[in-house]
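# Survey of secondary and tertiary structure
Now for the letters of each chain:
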Amino acid sequence: MSENQNLLAEQRRALILDEVRRRGGARVNELTRRLGVSDMTVRRDLDALARQGMVEKVHGGAVPVFEASTHEPGFEAKSGLELSAKEDIARAAAAFVAPGTAIALSGGTTTYALAHHLLDVADLTVVTNSVRVADVFHSAQQVSGLRADSATVVLTGGVRTPSDSLVGPVADQAIGSLHFDVLFLGVHGISAEAGLSTPNLAEAETNRRLVQSARRVVVVADHTKWGTVGLSSFAKLDEVDTLVTDAGLPAATRAEVSEQLRLVVAGEPEPAEPAAAAEDD
């Protein structure tokens, strides 16, 4: 079967990882049929995922690596996963940002994608504990010059995590003294029982401060984050106003989420509010 040239290697590997996790394993011949690529391509992709610690290779295929609740992948390991979903989510979330507002962006690869969509929004004040997010705005200003309406970026201090977030007492104190209109929060895991969670204890406390300082909390998370539980919970679902996710979220989960908060599925229209029943004469 001919190679599928429409998929980048990162996109293909994200699809492979999703298939392995969803089914508990996948065989090379099954993946070649689904993706329309050669055995050699799939094997190279599995080798790359195995090197990142995402899958374990077995004879004829791969099985998922079941991570401990304390395992925290680095930014680079996460940045190649669910690329198209993160881009769709970022585009949808950017619609929530109005010129002249004060927003916060937590650390994470999805908030990093979102930052790129906010570069042309005028007069923003951006509070972030993400070195990567701050670099997006800084790099853009170096290339295009500092306009009068360029974003003002407040980067908290703190100790750097594997995901390039700044956490700890310095970050917590800085965030606790601020107030912002909307927080865009990337998460390690989200579930009905555990709420929002992370494997990093210090990051959990910093995220709590972010949630407490925001008038409105928007979680940006692709469908693979649902059902994942990290070591420390830092917010309940009822503390979240909106979840922006992708079309991979199952229908049953969508119904469960919609009972507790506003659900926005990137690329899909929001369901209309049910019309009020007419009163009997």
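Residues numbered from 1 in each chain as written. Predicted model: local features only at pLDDT ≥ 70, side-chain atom pairs only at ≥ 80, totals over all residues. Heavy atoms only, no water.

What follows deals with unusual backbone geometry. Phi angles above zero are rare outside glycine, and D123 is one such case at about 60 degrees. Among the structural elements, D123 can be located in the loop between α6 (109-116) and β5 (125-128). A relative accessible area of 44% places D123 in the partly exposed class. (Helix = DSSP H or I, 4+ residues; strand = E, 2+ residues; numbered from the N terminus. Buried < 20%, exposed > 50% of the residue type's maximum accessible area, 1.4 Å probe, protein only.)

Read from one edge to the other, the open sheet built from seven strands follows the order β6-β5-β4-β9-β12-β14-β15, with strand pairing classed as parallel. Edge positions in the sheet fall to β6 (152-155) and β15 (262-265), since each of these pairs with one other strand and no more. Sheet twist, expressed as the average angle between the axes of neighbouring strands with direction ignored, equals 20 degrees. The pairing of β5 with β6 spans four bridges and is parallel. Note that in β6 the partner of T128 across the bridge is L155. (Pairing = 2+ DSSP bridges. Axes fitted to C-alpha atoms, helices over the stretch in contact; angles between N-to-C directions.)

This part is about the pattern of salt bridges. In total, this model carries twelve salt bridges according to the counting rule given. With its nearest N and O atoms 2.5 Å apart, the salt bridge here joins D45 to R12. Of this pair, D45 sits in helix α3 (residues 39-51) while R12 is found in helix α1 (residues 9-23), placing the two residues 33 residues apart along the sequence. Relative accessible area serves as the criterion here: at 1%, D45 is assigned to the buried category. The structure contains a network of salt bridges with shared partners spanning R12, R13 and D45. (Salt bridge = Lys/Arg side-chain N within 4 Å of Asp/Glu carboxyl O.)

Let us now look at the nonpolar core. Counting residues in hydrophobic clusters, the biggest one holds 28 residues, and the most contacted among them are F180, L183, L185, L196 and V219. Those elements that place two or more of their residues in this core are β4 (102-105), β9 (180-185), α9 (201-212), β12 (214-220), β13 (232-235) and β15. Not counting chain neighbours up to four residues away, the residues in contact with L185 comprise S106, T111, L196, N207, V211, V217, V218, V219, V220 and F234. Membership of the second largest hydrophobic core comes to 27 residues, among which are A113, L114, L124 and V218. (Core = buried A, V, L, I, M, F, W, Y, C linked by side-chain atoms within 4.5 Å. Contact = heavy atoms within 4.5 Å.)

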